[in-house]
Amino acid sequence: MIALLACTALVVTSAQGGIDAQPTSKPVRQVAILPWSFTDGTDTAIKTAQDTVKALFEKVNYEVVPEVRAKTVWEESLQKRLGTDIPDPKDLLALGREMKVDLVCAGKAKWRTRSVWVALGPKTKADCTVSMVLVDVAKGEVILDSKDINADSTRVEKGWETAASLLVSAGFTVLSGGPKTPHQQRSAQMAIGKAMEPWLKEQAAKPKKIDGGP
């Protein structure tokens, strides 16, 4: 009878989170992306830019919160309106705290597309200029502030090697050539990659801990 009572007490202690309780798994890191402002891009190019940002976060193990949720909290809970400029970091921090996420991302992209004459006739080219801010909610810090990062669709851009590798591993095709839209898509991929490169490079260099390890 005494042994049975002791066993029962041990089960109750475990169920209440005592020393014998099973450890809980670490929650997945989340990022809320406030809808970006896009200027002079085709619908397809804009979709490529959105997919590129999302894919890069996912490749470094962040769960992307649905954009519509971020927009709803921004407008209804914080009583803010979206514009063409990147919001103040204090407001982004407030959004992150309201949504209980790890990171908040805001940004904008603008394209300039034109035809230039070369030896064989007109050639299409597109530039994409990206600015973005990344806020760490727990630290209350701006951990990435990339301003006016430009990429030219007709050049081999440097400074986005980590981002390019992550996109290829995610199944993205690094586009080139063709008419207006592919040039806009390519320039957006490169500009976003260059803008996020400092943070992505740091994330890729972090050692991965083994579950259950110290």
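Within any chain, residue numbers begin from 1 and follow the written order of that chain's sequence. Two thresholds apply to this predicted model, a pLDDT of at least 70 for residue-level local features and 80 or more for giving and counting side-chain atom pairs, whereas whole-chain, interface and lining totals are computed over all residues. Computation of side-chain values covers all heavy atoms of the structure but excludes hydrogens and water.

So, the overall build of the protein chain: which residues are in play, and what are the values?
Secondary structure elements are taken from DSSP: a helix is a run of H or I of four residues or more, a strand is a run of E of two residues or more, and numbering for both begins at the N terminus. Each helix and strand counted, the protein chain has 6 helices and 6 strands in total. Starting at the N terminus and ending at the C terminus, the protein chain contains elements arranged as α-β-β-α-β-α-α-β-β-β-α-α. What makes two residues a contact is simply this: any of their non-hydrogen atoms within 4.5 Å. Taking the intrachain contacts of the protein chain between residues at least 6 apart in sequence as the baseline, contacts between residues at least 24 apart amount to 69%. By element, 54% of the accessible surface of the protein chain is carried by carbon and sulfur atoms, the whole surface being about 12,800 Å². To be clear on the numbers: accessible area is Shrake-Rupley with a 1.4 Å probe, and residue cover counts the displayed protein chains and nothing else.

Go over helix H5 (residues 161-169), please, and point to the residues and values.
Those residues of H5 lying buried are Thr162, Ala163, Ala164, Leu166 and Leu167. Phi turns positive one or two residues past the end of H5, at Gly171, with a value near 95°. Per-residue accessibility, obtained with a 1.4 Å probe over protein chains only, is compared with the maximum for each type, and a residue is labelled buried under 20%, exposed over 50%, and partly exposed between these values.

How would you sum up the packing of aromatic side chains? Please name residues and give values.
The relation between two aromatic rings is expressed through the spacing of the ring centres and the mutual angle of the planes. Between the rings of Phe, Tyr and Trp (Trp by its six-membered ring), a pair exists once the centres lie within 6.5 Å; its type follows the angle of the planes, with under 30 degrees stacked, over 60 edge-to-face, and the other angles tilted. Counted according to the given criterion, the structure contains 4 aromatic pairs. For the ring pair Tyr62 and Trp199, a centre distance of 5.7 Å and an interplane angle of 50° mean the geometry is tilted. Linking Tyr62 in the loop between helix H2 (43-59) and strand E3 (63-65) with Trp199 in helix H6 (residues 180-205), this pair joins segments that are 137 residues apart in sequence. The residues Tyr62 and Trp199 share a single accessibility class, namely buried. An aromatic cluster of at least three residues, connected via ring pairs, comprises Trp36, Phe38 and Trp111.

Run through the environment of Lys110, naming residues and quoting values.
Mapped onto the fold, Lys110 is located in strand E4 (residues 103-118). Relative accessible area serves as the criterion here: at 47%, Lys110 is assigned to the partly exposed category. In the structure, Lys110 is positioned 70 residues away from Asp40 in sequence and 6.2 Å away in space, judged by C-alpha atoms. In contact with Lys110, other than residues within four places in its own chain, are Thr39, Asp40, Asp127, Cys128 and Thr129.

So what's going on with the nonpolar core? Which residues, and what values?
Among the nonpolar cores identified, the biggest contains 36 residues, and Phe57 and Trp199 are the most heavily contacted of them. For this core, the secondary-structure elements that each account for two or more residues are strand E1 (30-33), H2, E4, strand E5 (121-136), strand E6 (141-152), H5 and H6. With 8 residues, the single largest contributor to this core is H6. Not counting chain neighbours up to four residues away, the residues in contact with Trp199 comprise Phe57, Val60, Tyr62, Leu103, Leu134, Ile143 and Leu144. For the purposes of this section, nonpolar cores are sets of buried Ala, Val, Leu, Ile, Met, Phe, Trp, Tyr and Cys residues that join through side-chain atoms within 4.5 Å.

Describe the side chain of Ser131, naming the residues involved and giving the relevant values.
In this structure, Ser131 sits in strand E5. Since its relative accessible area comes to 6%, Ser131 is described here as buried. Within polar-contact distance, the side chain of Ser131 engages the backbone nitrogen of Asp148 at 2.8 Å. Leaving out residues up to four positions away in the same chain, Ser131 has contacts with Ile86, Ala106, Gly107, Lys108, Ser146, Lys147 and Asp148. Polar contacts, as used here, are pairs of N or O atoms within 3.5 Å; protein pairs need one atom able to donate a hydrogen and one able to accept it. Residues neighboring in sequence count only if both atoms are side-chain atoms.

These values are about where atoms sit, not about what they do.
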